[in-house]
Amino acid sequence: MGQAQLVQTQHQDTAAQAIAQVRDMFSHNRVAVIYNKQGDEIKRVICFAAGMEERDMKFTFQKFNQIQRAAIHCVIKRLAPAINEMAGYSLTEFNK
């Protein structure tokens, strides 16, 4: 019985988060919502590639200025084609 209650509580939290994300997407910058959902490692890679300082890598997207946002945009546009093209290959293909 206690497990069922725990599952319901977890589901409610997830639903509330999903609703908050949807509202955020419609009322704010959609890119910010996607960026902020990424893990620290992905954010660190994007910021490093954009030439940002270590301290900047912990910011939410909303705290970036226009220059930083433009740098992130350029990095993603440059890397996306290569990453998308290589993503379909297995580790075996990488190790040939």
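Residues numbered from 1 in each chain as written. Predicted model: local features only at pLDDT ≥ 70, side-chain atom pairs only at ≥ 80, totals over all residues. Heavy atoms only, no water.

A.B. asks: Can you tell me about the overall build of the protein chain, naming the residues and giving the values?
C.D. replies: Across its full length, the protein chain holds five helices and zero strands. When its helices and strands are written in sequence order, the protein chain yields α-α-α-α-α. Counting every position in the protein chain, which comprises 96 residues, the buried fraction comes to 16%. Contacts spanning at least 24 positions in sequence make up 40% of the contacts within the protein chain whose residues lie at least 6 apart. Counting only carbon and sulfur atoms, one obtains 58% of the accessible surface of the protein chain, whose full area is about 8100 Å². (Helix = DSSP H or I, 4+ residues; strand = E, 2+ residues; numbered from the N terminus. Buried < 20%, exposed > 50% of the residue type's maximum accessible area, 1.4 Å probe, protein only. Contact = heavy atoms within 4.5 Å. Areas by Shrake-Rupley, 256 points an atom, 1.4 Å probe, with all protein chains shown as cover.)

A.B. asks: Describe the confidence of the model for the protein chain, and please don't skip the residues or the numbers.
C.D. replies: Summary statistics for the protein chain give a mean pLDDT of 84 and a share of 82% for residues scoring 70 or more. Taking the mean pLDDT of every element in the protein chain, the minimum, 64, falls on helix α1 (residues 2-27) and the maximum, 95, on helix α4 (residues 66-87). (pLDDT = per-residue confidence, 0-100.)

A.B. asks: Which residues make up the nonpolar core, and what values do they have?
C.D. replies: Core analysis: the largest hydrophobic core is formed by eleven residues, namely Ala 32, Tyr 35, Ile 46, Cys 47, Ala 50, Met 52, Met 57, Phe 61, Phe 64, Ile 72 and Val 75. Listing elements by their share of this core, those giving two or more residues are α2 (30-37), α3 (40-49) and α4. Contacts of Tyr 35, omitting those with residues within four sequence positions, involve Lys 43, Ile 46, Cys 47, Phe 59, Phe 61 and Phe 64. (Core = buried A, V, L, I, M, F, W, Y, C linked by side-chain atoms within 4.5 Å.)

A.B. asks: Give a detailed account of the environment of Phe 59, specifying residues and quantitative values.
C.D. replies: Secondary-structure assignment places Phe 59 in the loop between α3 and α4. Judged by relative accessible area, which is 28%, Phe 59 ranks as partly exposed. A C-alpha to C-alpha distance of 9.0 Å links Phe 59 and Asn 36, two positions 23 residues apart in sequence. Those residues in contact with Phe 59, other than ones at most four positions away along the chain, are Tyr 35 and Phe 64.

A.B. asks: How would you summarise the packing of aromatic side chains if you had to cite specific residues and measurements?
C.D. replies: Within this structure, the stated rule accounts for four aromatic pairs. Ring centres of Tyr 35 and Phe 64 lie 5.7 Å apart, and the angle between their planes is 75°; this geometry places the pair in the edge-to-face category. Taken together, the residues Tyr 35 in helix α2 and Phe 64 in the loop between α3 and α4 connect sequence positions 29 residues apart. According to the relative accessible area criterion, Tyr 35 is buried, its value standing at 4%. An aromatic cluster is present here, built from Tyr 35, Phe 59, Phe 61 and Phe 64 joined pairwise through their rings. (Phe/Tyr/Trp six-rings, centres within 6.5 Å; stacked < 30°, edge-to-face > 60°.)

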